Amino acid sequence: MKYMKLFVVGAMVCLAGTVEAQISRVFVSTGGNDANDCLQPATACRTLGGGVGKVDVQGEVIIVDTGS
């Protein structure tokens, strides 16, 4: 019984490490902030690096407006 509990706890820890929130789309804007969640144009990131750092590998970075 003791080993079964250890196995179950170990399996849960392993699975918890592989389950991550995957963000498929983020927004970038000159009026944004990299501390934002970047999930909507109103909460966009400021830089491309900020957006790329938050999006899934297969995701999209949408540029809302241009600027420097």
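Rules used in this analysis
Residues numbered from 1 in each chain as written. Predicted model: local features only at pLDDT ≥ 70, side-chain atom pairs only at ≥ 80, totals over all residues. Heavy atoms only, no water. Helix = DSSP H or I, 4+ residues; strand = E, 2+ residues; numbered from the N terminus. Buried < 20%, exposed > 50% of the residue type's maximum accessible area, 1.4 Å probe, protein only. Contact = heavy atoms within 4.5 Å. Areas by Shrake-Rupley, 256 points an atom, 1.4 Å probe, with all protein chains shown as cover. Disulfide = S-S within 2.5 Å. pLDDT = per-residue confidence, 0-100. Core = buried A, V, L, I, M, F, W, Y, C linked by side-chain atoms within 4.5 Å.

A closer look at the overall build of the protein chain
- Of regular secondary structure, the protein chain possesses 2 helices and 2 strands.
- Starting at the N terminus and walking to the C terminus, you meet the elements of the protein chain as α-β-α-β.
- For the protein chain, with 68 residues in total, the buried portion stands at 16%.
- The contacts of the protein chain with a sequence gap of at least 6 include a subset with a gap of at least 24, amounting to 37%.
- Per element, the accessible surface of the protein chain, about 5,300 Å² overall, is 62% carbon and sulfur.

Here we look at the state of the cysteines
- This model, assessed by the stated rule, comprises 1 disulfide.
- Through a disulfide, Cys38 is tied to Cys45; the S-S separation comes to 1.7 Å. Taking the torsion about the sulfur-sulfur bond, which here is approximately 85 degrees, the covalent link between Cys38 and Cys45 counts as right-handed.
- Judged by relative accessible area, Cys38 falls into the buried class, the value being 0%.

Quick notes on the confidence of the model for the protein chain
- Counting all residues, the mean pLDDT for the protein chain is 79, and 69% of those residues have values of 70 or more.
- Averaged over each element, pLDDT in the protein chain is lowest for helix H1 (residues 2-18) (45) and highest for strand S1 (residues 25-28) (97).
- In this model residues 3-19 is a low-confidence stretch, pLDDT under 50, and it forms 0 contacts with partners more than four residues away in sequence or in other chains.

Overview of the nonpolar core
- Residues Val26, Val28, Cys38, Cys45 and Val55 constitute the largest nonpolar core, which totals 5 residues.
- What Val55 contacts, discounting residues up to four positions off in sequence, is Ile23, Ser24, Arg25, Val26, Glu60 and Val61.

A closer look at unusual backbone geometry
- Phi at Cys38 is positive, roughly 65 degrees, even though this residue is not glycine.
- Relative to the assigned elements, Cys38 resides in the loop between S1 and helix H2 (48-52).

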